[in-house]
Structure formats: C-alpha cells, structure tokens
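So the chains spell out like this:
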Amino acid sequence: MTYTASRNQRELRSRAETQLERLKLPSDPELTDIVRQVALASGKRIDVEPVGDKDWENITGLVLLTSDSAKILVRKSDPRWYQFHTVLHELSHVAFGHTGCATLPVLHPGQQHVRAGQTVLARGIVTPDFEADLDFSDSGLVMEAEAEKLSQMLSRLVLRPRHGRDEAVFG
Ligand SMILES: [Zn+2]
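Residues numbered from 1 in each chain as written. Predicted model: local features only at pLDDT ≥ 70, side-chain atom pairs only at ≥ 80, totals over all residues. Heavy atoms only, no water.

Draft legend 1. Region of the structure containing the environment of R7. By the element assignment, R7 lies in the segment before α1 (9–22). Separated by 129 residues in sequence, R7 and F136 place their C-alpha atoms 5.7 Å apart. Within the local environment of R7, its side chain forms a polar contact with the side chain of E11, the two groups lying 2.5 Å apart. (Helix = DSSP H or I, 4+ residues; strand = E, 2+ residues; numbered from the N terminus. Polar contact = N/O pair within 3.5 Å; in protein donor to acceptor, adjacent residues only side chain to side chain.)

Structural data, given as structure tokens:
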C-alpha cells in the first residue's frame, strides 16, 4: 500500500475510520489487543519501550520503523495516561503506513536511537490544532493529524465505560 496524504478534513476522518475497521478489534479492547492488531494489519513486529528523558525536552514519543518492525519509544517520566495516548498515536502512524518525518530536526536527540534503514516519526509536545485550520499542502502535518484522529478513536474504545450501571450512578 503506498501512502498518500489526505486532502481535506472529510477524507482525513474517513481514512481514520477505514483504518479502525481494518484493525478488526475485539469489543472492549485493551491496549495489548490494539498492539497485536496493528502488528497483524501492518505486518510489523511491534515493541513498546519506555526511555529516559534527559534529552527529551520537546519530544514525548517516537517510533522507529523498518520494513518489518516498529519500535515505539515513550518518555518514562510522563504520566501513564499520557504515555498511553502517545503509544496509541504512534501505533496509528504504523497502521496508516506513514514513513519519514519532515519535522524532526537533524540533530534531534531521538537520532541516537536510529539505526541504518530506520525512519523516525516523532511526537512533539506541540500538536497542531488539526481540527481547526490544517494546512493540507503540508503532508507532514497531515500525517500527524491522521495519527491523532485515529488515536482519539482508539482511546475512546479503550477508555469508554465498561459498566453501564456504574455510569448511571453519575446521572
Ligand atoms: Zn506523530
């Protein structure tokens, strides 16, 4: 599958929905189900690894890609819920088949993790406000927006209330 970036908001949403369907997640999925299904759909081995944060001032996660693997690095010091969202975001890049990242500076600390044949997608602290005015001519930004959209859909599945009656307590 060769990747081309979405051209507008509608296409972006429908592509994220298509990716979600393609994953064929079980009902009430856990994060491990999502990792497994993304690995199946993408044909890549997936590892998630928390790393130290000395050099990670502006970056909270990244994924190292090869043709048959994806290693997702998340910042150890971030709160668990944020690491969780970062993993979903990076998994979404993998599901979409995104490659390369024009926004990663050449001397980025993430580079020390990179080996020959890998490309990097990095998650910065500043996420573009993709719902508002995304520049669809910038494929790097569009990739970020696509990953963010799919990861929101995924986190809604994982975080939705498991017990309807518990929820009723809150009115
Ligand atoms: Zn990203």
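Having put the structure on the table, let's press on.
Draft legend 2. How the structure looks around the pairing of strand β3 (residues 69–75). Of all the 7 residues making up β3, 6 are buried; the element is thus mostly covered by neighbouring parts of the structure. As paired strands, strand β1 (residues 45–51) and β3 are joined by 7 bridges and run parallel to one another. The residue of β3 that forms the bridge with P50 is V74. (Buried < 20%, exposed > 50% of the residue type's maximum accessible area, 1.4 Å probe, protein only. Pairing = 2+ DSSP bridges.)

Draft legend 3. Just the coordination of the zinc ion, in detail. With distances of 2.1 to 2.7 Å, the protein atoms coordinating the zinc ion are H89 (NE2), H93 (NE2), E144 (OE) and E144 (OE). Here the zinc ion binds 4 donor atoms, and the angle range of 52 to 140° at the metal identifies the geometry as irregular. Counting residues between consecutive donors of the zinc ion along the chain gives the motif H-x3-H-x50-E. Taken together, the residues H93 in helix α3 (residues 80–96) and E144 in helix α5 (residues 139–159) connect sequence positions 51 residues apart. (Donors = N, O, S within 2.8 Å, 3.2 Å for Na, K, Ca; no water. Tetrahedral: all angles 85-135°; square planar, octahedral: opposite > 155°, others 65-115°.)

Draft legend 4. The arrangement of α5 in detail. Its 21 residues place the ends of α5 30 Å apart at the C-alpha level, agreeing with the 30 Å of an ideal helix rising 1.5 Å per residue. α5 sits mainly inside the fold: 15 of its 21 residues count as buried. (Expected span 1.5 Å × (residues − 1).)

Draft legend 5. The arrangement of the side chain of E144 in detail. Given a relative accessible area of 12%, E144 falls into the buried group. Among the polar contacts listed, one links the side chain of E144 to the side chain of H93, at a separation of 3.2 Å.

Draft legend 6. Expanded view of α3. Compared with an ideal rise of 1.5 Å per residue, which puts 17 residues at 24 Å, α3 spans 24 Å between its outermost C-alpha atoms and is within 8% of the ideal. Of all 17 residues in α3, 15 are buried; the element is thus mostly enclosed. Looking one or two residues past α3, G97 carries a phi angle of roughly 75°, positive in sign.

Draft legend 7. Local environment of the packing of aromatic side chains. According to the stated counting rule, one finds 1 aromatic pair in the structure shown. With a centroid separation of 5.5 Å and 85° between ring planes, the pair formed by W81 and Y82 is classed as edge-to-face. Classification of W81 as exposed rests on a relative accessible area of 60%. (Phe/Tyr/Trp six-rings, centres within 6.5 Å; stacked < 30°, edge-to-face > 60°.)

Draft legend 8. Examining the pattern of salt bridges more closely. Summed over all chains, the structure comprises 8 salt bridges. One salt bridge connects R45 with D47, and the closest N-O pair in it is separated by 3.7 Å. You can call R45 exposed: its relative accessible area is 52%. On the accessibility criterion, D47 (31% relative accessible area) is partly exposed. A salt bridge links E49 to K71; its shortest N-O distance comes to 3.2 Å. Residue E49 is located in strand β1, and its partner K71 is located in strand β3; the two are separated by 22 residues in the primary sequence. On the accessibility criterion, E49 (32% relative accessible area) is partly exposed. (Salt bridge = Lys/Arg side-chain N within 4 Å of Asp/Glu carboxyl O.)

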